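Reading the structure
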Amino acid sequence: MQVPTAPAPASGPGSPRDSPRSSPGLFRKLLVNQSIRLQRRFTVAHPLCFDLENGLSCRRSTLDPQAGPGLGRVVQASAQYSQRRESFLYRSDSDYELSPKAMSRNSSVASDLHGEDMIVTPFAQVLASLRTVRNNVAVLAHLQDHRAAKQAPVGNPSSGSQPPPPSEDTGQKLALKTLDELDWCLDQLETLQTRHSVGEMASNKFKRMLNRELTHLSETSRSGNQVSEYISQTFLDQQTEVELPREAPTEASRPMSQISSLRGLPHSASLSTATIPRFGVQTDHEGQLAKELEDTNKWGLDVFKVAELSGNRPLTAIIFSIFQERDLLKTFQIPADTLVTYLLTLEGHYHADVAYHNSLHAADVAQSAHVLLATPALEAVFTDLEVLAAIFASAIHDVDHPGVSNQFLINTNSELALMYNDASVLENHHLAMGFKLLQAENCNIFQNLSAKQRLSLRRMVIDMVLATDMSKHMNLLADLKTMVETKKVTSLGVLLLDNYCDRIQVLQNLVHCADLSNPTKPLPLYRQWTERIMAEFFQQGDRERESGLDISPMCDKHTASVEKSQVGFIDYIAHPLWETWADLVHPDAQDLLDTLEDNREWYQSRIPHSPVDPMSPEQGGPDRFQFELPLEEAEEEEEEEKRMLAQEVSESPDTELLSFEARPDRGAICLDKQRTMGKPCVDHEGNMRAEPFGT
């Protein structure tokens, strides 16, 4: 399934008639000014002395080359990545917009590339359009100078080195085009809501585009509708009203102010600096564990192997290794025994019986964040305190997770939902638990920080963990993309992180990327994570069924399509996020995008296909946006799909026809539960139909 690229405008550039207001079907790509586009440069600058409260504390500018050896880094784009499949954010937005005023602009230069070339966030589009207006006015001013020179005395010739001025006819066309650009900018500025941020403009646009994509997906099949509902309810903060059972599950009464589930240190033996194991955990496989942890600085560390070799203490082993690697114990005077005590206590508060949101996941997110912080484009950008906050936030971000969603807790009148007023229920609880555990005996790893450092760290950790609420995904994505694109069309394309808002925004997205990094990992690891998250979903679905609640999307083990869920998750969530992150740190994340695409193709290939007519032509090209038809849904949707396919064939004669006559009967249908749990599926003739899923 490929996302089609938007066609370039067929008519020639330069005419106001090419405006989307008169041709709403055109996809209006907006290019940055020529100098930046040709340089293809993007710089992330950093201050060596940044104060969270007061901003820059160094006298030198952050762009001063004498300020430090690693101050800012210019990276060059590579042509080999230019043909990678784009996310839905770069599709034509003309179908999503409610009025012509909201449509994005297109410069006179058409391009099939994105990255430095295409701008999709509204505020950056306005800036780039105004830059075009400014350049056009400069050209028109040059034309006026040329006319004045013609009227000057003959004895004052102009320099032969100057470029020939535009003709009067060209100047007239340029003036009309400039007016068109200026009119569009004014339309945009007139519709701005002053109480909303520019990031919110992009968020609303992306949500509108994603809703349209999900509407198309939901119309293809029941499983497509389920995937669409899951993405909408999880990542778009669209809560649905449900009818609660008459007798809701009750919990043991306790004071509302008390943090639940606090337990003591699992290991009663006291720790001292002299008895601290090499990696913070007692194990008989220290040599093998050391070999595995050599990959702590690499993407794709096998945390499952680390858990096996560390006595199921992967979080303690990995965080302890990261702190040693980054010399954080010495920098912040953290006693080794205090760190190990806290990590063991923290890991003990992750639920081992929860399939996905356990200490394995926390260890994986923390290690992924550690690698992202070491990205060359971000080298020396963040202070030691910011690094400490990011690693700590990753470690605690899911502690005491019960294995159910926020919406489940709200629907069941959970004590947590009441305590946190239905707002980021789990994320608030994870934060409370993580900080509360610091008060346990010999667990305060921040005891030697100054009061100002502790307040700053707490502020950053709160902001980062709250950003792991998946309902905030589109806002995070829009803010980051607006930041990146705005810097592309202003100044010299320098991303200057000189205030708290910009710095925490990058850190929030960094932890969010680490939290959604499974599809960018090697396929064997990704498949294990997929099995675990689906098992957790199915357990929640079983609880909802037993409680008389509506089963949440993707939580019904009898109907959920694992493969379709992963393809949809990559297409609409992971790909746009990692694509934007890759723009920020270009070219450092290109390999991750390649792995993401390979993993998507693997799951795409596992979606059951309907039988096809062997005599029919091959299916349409890779740019066609296609959804395979699952076998179990065929009979109910046969008539509707025949009509839709007939219409597609009339528009694209190369589309392959699906043969409904060759469809097997119900006896050949296998339950998704069997396919998910790796059990063989057998049709009515006793033939094996599905390979085991997972490892």
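Helices and strands together make up the secondary structure of the protein, namely 23 helices and five strands. Across the 695 residues that make up the protein, the buried fraction comes to 52%. Pairs at least 24 apart in sequence give 78% of the contacts found in the protein among residues at least 6 apart.

With that settled, consider the packing of aromatic side chains. Scanning the entire structure with this criterion turns up eight aromatic pairs. Where W299 meets W578, the ring centres are 5.8 Å apart and the plane angle is 75 degrees; that geometry is what we call edge-to-face. In this pair, W299 is assigned in the loop between α6 (286–292) and α7 (303–309) and W578 in helix α20 (residues 562–585), connecting sequence segments 279 residues apart. Three or more aromatic residues joined by ring pairs make a cluster, and in this case those are Y342, F392, F435 and F446. A cation over an aromatic ring shows up here: R459 above the ring of Y500, its NZ or CZ 3.7 Å from the ring centre.

Within the largest apolar cluster, 133 residues are counted, with the highest numbers of intra-cluster contacts made by Y342, V461 and W581. Not counting residues up to four positions away in its chain, the partners in contact with W581 are L372, L378, L480, V506, N509, L510, C513 and A589. Membership of the second largest hydrophobic core comes to eleven residues, among which are F408, L409, I410 and V425.

We now examine the packing of helix α19 (residues 523–547) against helix α21 (residues 590–606). Relative to each other, α19 and α21 sit at 60 degrees, their axes nearing to 11 Å. Accordingly, the angle class assigned to the pair α19 and α21 is oblique. Regarding α19 and α21, the two cross each other, and that crossing is right-handed. Contacts between α19 and α21 involve L523, Y526, R527 and T530 from the former and N599, W602 and Y603 from the latter.

Glancing now at helix α15 (residues 425–436). The end-to-end C-alpha distance of α15 is 16 Å, a good match for the 16 Å that twelve residues give at a rise of 1.5 Å each. Of all twelve residues that make up α15, ten are buried, and the element is covered over most of its length. Lining the buried residues of α15 we find α10 (336–348), α12 (384–396), α13 (406–411), α14 (415–419) and α16 (451–466).

The next point concerns unusual backbone geometry. Between H586 and P587 the backbone carries a cis peptide bond, its omega angle lying at 5 degrees. Mapped onto the secondary structure, P587 falls in the loop between α20 and α21. Even without glycine at this site, D327 takes up a positive phi of about 60 degrees. By the element assignment, D327 lies in the loop between α8 (314–325) and α9 (328–331). Relative accessible area serves as the criterion here: at 39%, D327 is assigned to the partly exposed category. Positive phi, normally seen in glycine, also occurs at S424, with a value near 45 degrees. One can find S424 in the loop between α14 and α15.

Now for the pattern of salt bridges. Any two side chains of opposite charge can pair if their charged atoms end up close together. All told, the structure shown has eleven salt bridges when counted by the stated rule. For the salt bridge of K472 with D469, the shortest nitrogen-to-oxygen distance reads 3.3 Å. Residue class for K472 comes out partly exposed when judged on its relative accessible area of 28%. By relative accessible area, which is 6% here, D469 ends up buried. R545 is the partner of D556 in a salt bridge, and the nearest nitrogen-oxygen pair spans 3.1 Å. Placement of the pair is D556 in the loop between α19 and α20 and R545 in helix α19, with a sequence separation of eleven residues. Since its relative accessible area comes to 36%, R545 is described here as partly exposed. One network of salt bridges, in which partners are shared, links D542, R545, D556 and K557.

With respect to the element layout, D398 can be found in the loop between α12 and α13. One buried charged residue, D398, forms no salt bridge at all, with the nearest opposite charge on R532 at 12 Å. Here the side chain of D398 touches H397 through a polar contact of 2.9 Å, side chain to side chain.

Rules of the game
Residues numbered from 1 in each chain as written. Predicted model: local features only at pLDDT ≥ 70, side-chain atom pairs only at ≥ 80, totals over all residues. Heavy atoms only, no water. Helix = DSSP H or I, 4+ residues; strand = E, 2+ residues; numbered from the N terminus. Buried < 20%, exposed > 50% of the residue type's maximum accessible area, 1.4 Å probe, protein only. Contact = heavy atoms within 4.5 Å. Phe/Tyr/Trp six-rings, centres within 6.5 Å; stacked < 30°, edge-to-face > 60°. Lys NZ or Arg CZ within 6 Å of the ring centre and 35° of its normal. Core = buried A, V, L, I, M, F, W, Y, C linked by side-chain atoms within 4.5 Å. Axes fitted to C-alpha atoms, helices over the stretch in contact; angles between N-to-C directions. Parallel < 35°, antiparallel > 145°, perpendicular 65-115°, else oblique. Left-handed = near helix turned anticlockwise from the far one by under 90°. Expected span 1.5 Å × (residues − 1). Salt bridge = Lys/Arg side-chain N within 4 Å of Asp/Glu carboxyl O. Lys, Arg positive; Asp, Glu negative; His and termini not counted. Polar contact = N/O pair within 3.5 Å; in protein donor to acceptor, adjacent residues only side chain to side chain.

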